[in-house]
Amino acid sequence: MARDRVGVYPGTFDPVTNGHLDIIKRGLGLVDKLVIGVATNPSKDPLFSLEERVAVVERETRTLGENAGVTIEVVQFDELLMKFAERVGADIIIRGLRAVADFEYEFQMTGMNYQINPDIETVFLMADPKYQTIASRLVKEVAMYGGNIAPFVPGRVAEEVVTKVQSRT
Ligand code: ADP
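Cut-offs used in this document
- Residues numbered from 1 in each chain as written.
- Predicted model: local features only at pLDDT ≥ 70, side-chain atom pairs only at ≥ 80, totals over all residues.
- Heavy atoms only, no water.
- Pairing = 2+ DSSP bridges.
- Helix = DSSP H or I, 4+ residues; strand = E, 2+ residues; numbered from the N terminus.
- Right-handed = clockwise from strand over helix to strand, strands pointing away.
- Buried < 20%, exposed > 50% of the residue type's maximum accessible area, 1.4 Å probe, protein only.
- Contact = heavy atoms within 4.5 Å.

Considering the pairing of strand β5 (residues 121–126)
Thinking step 1. With six bridges joining them, strand β4 (residues 92–97) and β5 adopt parallel strand pairing. Bridge assignment links I93 to a residue of β5, and that residue is T122.
Thinking step 2. Read from β4 through helix α4 (residues 100–116) to β5, the crossover connection turns out right-handed.

The structure is reproduced here in structure tokens:
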């Protein structure tokens, strides 16, 4: 039997959005096991702690994995993405592409990653158009100004973002 195909989907997930979840759902069709890497990313000064982000991603993706019959592991990481991908035995790295704005950065990063390890492919997926413009940063901004974030994140996440934003102000 062929070896299981392992994918890594890295991100900050501060917080996980409907855009991330759509990419994860699509990614599940490509692999036998999906490792969702939650980056510590202290430089981004995340709203949620690393532990909170891991727990929320685990909770919000559990049913997706079960429905697809694919194992999902949510793992924190604080190292070069390629090192992390090698460590978990990944065949592919999955990234979501939103607009041209993402392209420049992803283009450079993938080019450099190919030089570090040419055997791990990076695969770009597009979310459904209705989720394409969602970004964690904007979700937080809308919440800070009291706007409705319900269309952009799962219900419980929306509540958690509002609570967190209020506790910070
Ligand atoms: P990063 O810190 O790398 O920007 P994010 O948590 O913002 O991490 O995103 C992780 C991945 O998900 C990235 O590849 C990003 O482009 C992708 N992504 C985020 N939001 C969307 C979306 N609405 N549609 C498609 N891809 C997305």
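And the narrative resumes.
Details of unusual backbone geometry
Excluding glycine, a negative phi dihedral is what most residues carry, and trans is how most peptide bonds are arranged.
Thinking step 1. The omega torsion across D14 and P15 is 5°, close enough to zero to call that bond cis.
Thinking step 2. Within the element layout of this structure, P15 appears in the loop between β1 (6–11) and α1 (18–27).
Thinking step 3. Phi at F13 takes a positive value of approximately 55°, unusual for a residue other than glycine.
Thinking step 4. Relative to the elements of secondary structure, F13 occurs in the loop between β1 and α1.
Thinking step 5. Backbone geometry at D45 places phi at a positive 45°, although glycine is not the residue there.
Thinking step 6. Since its relative accessible area comes to 53%, D45 is described here as exposed.

With respect to the side chain of H20
Thinking step 1. Summarising the element assignment, H20 is placed in helix α1.
Thinking step 2. On the basis of relative accessible area, H20 is assigned to the buried category, the value being 15%.
Thinking step 3. Beyond its immediate sequence surroundings of up to four residues, H20 is in contact with Y9, F13, P15 and S136.

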